[in-house]
Amino acid sequence: EVWNPGRLPYGLTPEKLLKRHPSKPTNPTLANAVYLAGYIERVGTGTCDILDYCKKAGLRDPEFVEDEDFRVTIWRKSNQDEVKSNQDEAESNQDEATKSNQDDITSEGIKLSKKQKTVLDFCETPRTANEIFDLLGIKKQHASRIRYINTLIDCGLLRPTITQKSTSKNQKYVRTLLHK
């Protein structure tokens, strides 16, 4: 949150800052000095730049508030934003994983390939990655881990039994209660 004890110039409102608007510097002499020093490109583009940068970073729009002072709140990614981002990424991975399988199965609104459904059924009891790969007859383990294990974890349908980031040979995977 950035605040300024001043107020917006006459005629400018927080709502108008969300669109292209004319610049009305309170102190044009100071604004010109800041421009000549190279701290700004031109007058009147700052709030639009903030909106663009937030959008590019996947953040929600900043909040402009004028009370006794003027405040701009730039939001961090919340856990919900990260969960949504992970779901979007998982859906993207899921799309790639299901392209080669014509018979997609839906589970809780998530498209699963036959092999992914097989993995979930197999992981009713905890299983190692190698057990999963043996079941599927898979040799290329890195790509398969992404397609058949990580994607299911990202979708919340499979979980590791060792919660710390681990590449332990004892790591096993078990389906979650979300999958029935």
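From a predicted model like this one, the values you see are computed outputs, not experimental measurements.

Rules used throughout
Residues numbered from 1 in each chain as written. Predicted model: local features only at pLDDT ≥ 70, side-chain atom pairs only at ≥ 80, totals over all residues. Heavy atoms only, no water. Pairing = 2+ DSSP bridges. Helix = DSSP H or I, 4+ residues; strand = E, 2+ residues; numbered from the N terminus. Buried < 20%, exposed > 50% of the residue type's maximum accessible area, 1.4 Å probe, protein only. Polar contact = N/O pair within 3.5 Å; in protein donor to acceptor, adjacent residues only side chain to side chain. Axes fitted to C-alpha atoms, helices over the stretch in contact; angles between N-to-C directions. Parallel < 35°, antiparallel > 145°, perpendicular 65-115°, else oblique. Left-handed = near helix turned anticlockwise from the far one by under 90°. Contact = heavy atoms within 4.5 Å. Nonpolar A, V, L, I, M, F, W, Y, C, P; charged D, E, K, R; others polar. Core = buried A, V, L, I, M, F, W, Y, C linked by side-chain atoms within 4.5 Å. pLDDT = per-residue confidence, 0-100. Salt bridge = Lys/Arg side-chain N within 4 Å of Asp/Glu carboxyl O.

1. Description of the sheet that holds strand β8 (residues 172-175)
Read across the sheet, three strands follow the order β6-β8-β7 without closing on themselves; strand pairing throughout is antiparallel. Single-partner strands in this sheet number two, and they are β6 (127-128) and β7 (158-160).

2. A few points about the side chain of H21
Following the sequence through the fold, H21 ends up in the loop between β1 (2-4) and α1 (28-36). We classify H21 as buried; its relative accessible area is 15%. Engagement of the side chain of H21 in a polar contact is seen with the side chain of T47, the distance being 3.3 Å.

3. Examining the packing of helix α4 (residues 114-122) against helix α5 (residues 129-136)
Across the interface, α4 lies against α5 with an axial gap of 11 Å and an inter-helix angle of 130°. Judged by the angle between their axes, α4 and α5 are oblique. Crossing of α4 against α5: the hand is right-handed. Facing K115, T118, V119 and F122 of α4, the residues of α5 in contact are E131, I132, L135 and L136. Grouping the constituent residues of the contact of α4 with α5 by class yields five nonpolar, one polar and two charged.

4. Examining the sheet that holds β1
If you walk across this open sheet you meet the three strands as β1-β3-β2, and the pairing is antiparallel. Strands with a single pairing partner mark the edges of an open sheet, and in this sheet they are β1 and β2 (63-66). Looking at each pair of strands side by side, their axes are set apart by 15° on average, direction ignored. Where β1 lies against strand β3 (residues 70-73), three bridges are found, and the strand directions are antiparallel. The residue of β3 that forms the bridge with W3 is R71.

5. As for the nonpolar core
Grouped together as the largest cluster of nonpolar side chains are 16 residues, with contacts concentrated most on V119, I132, I149, L152 and L158. Looking at this core, the elements with two or more residues in it are α4, α5 and α6 (141-154). For this core, the leading source of residues is α5, giving four residues. Those residues in contact with L152 that lie beyond four places of it in its chain are L112, Q116, V119, L120, L157 and L158. Counting residues in each nonpolar core, the second largest holds six residues, with L8, F64, F70 and V72 among its members.

6. A look at the confidence of the model for the protein
Residues at a pLDDT of 70 or more form 77% of the protein, whose mean pLDDT is 77. Model confidence for the protein, summarised as mean pLDDT per element, is weakest for strand β4 (residues 105-107) at 48 and strongest for β2 at 90. Confidence drops under a pLDDT of 50 for residues 97-107, and excluding neighbours within four residues, the segment shows 22 contacts in the predicted structure.

7. Re the pattern of salt bridges
Per the stated rule, a full pass over the model turns up seven salt bridges. Ionic pairing is found between D69 and R71, a salt bridge with its closest N-O pair at 3.3 Å. A salt bridge links R175 to E124; its shortest N-O distance comes to 3.5 Å. Of this pair, R175 sits in strand β8 while E124 sits in the loop between α4 and β6; the two residues are 51 residues apart in sequence, bridging distant segments of the chain. Relative accessible area serves as the criterion here: at 22%, R175 is assigned to the partly exposed category. On the accessibility criterion, E124 (52% relative accessible area) is exposed. A cluster of three or more residues bridged by salt bridges with shared partners is formed by E1, D67, D69 and R71.

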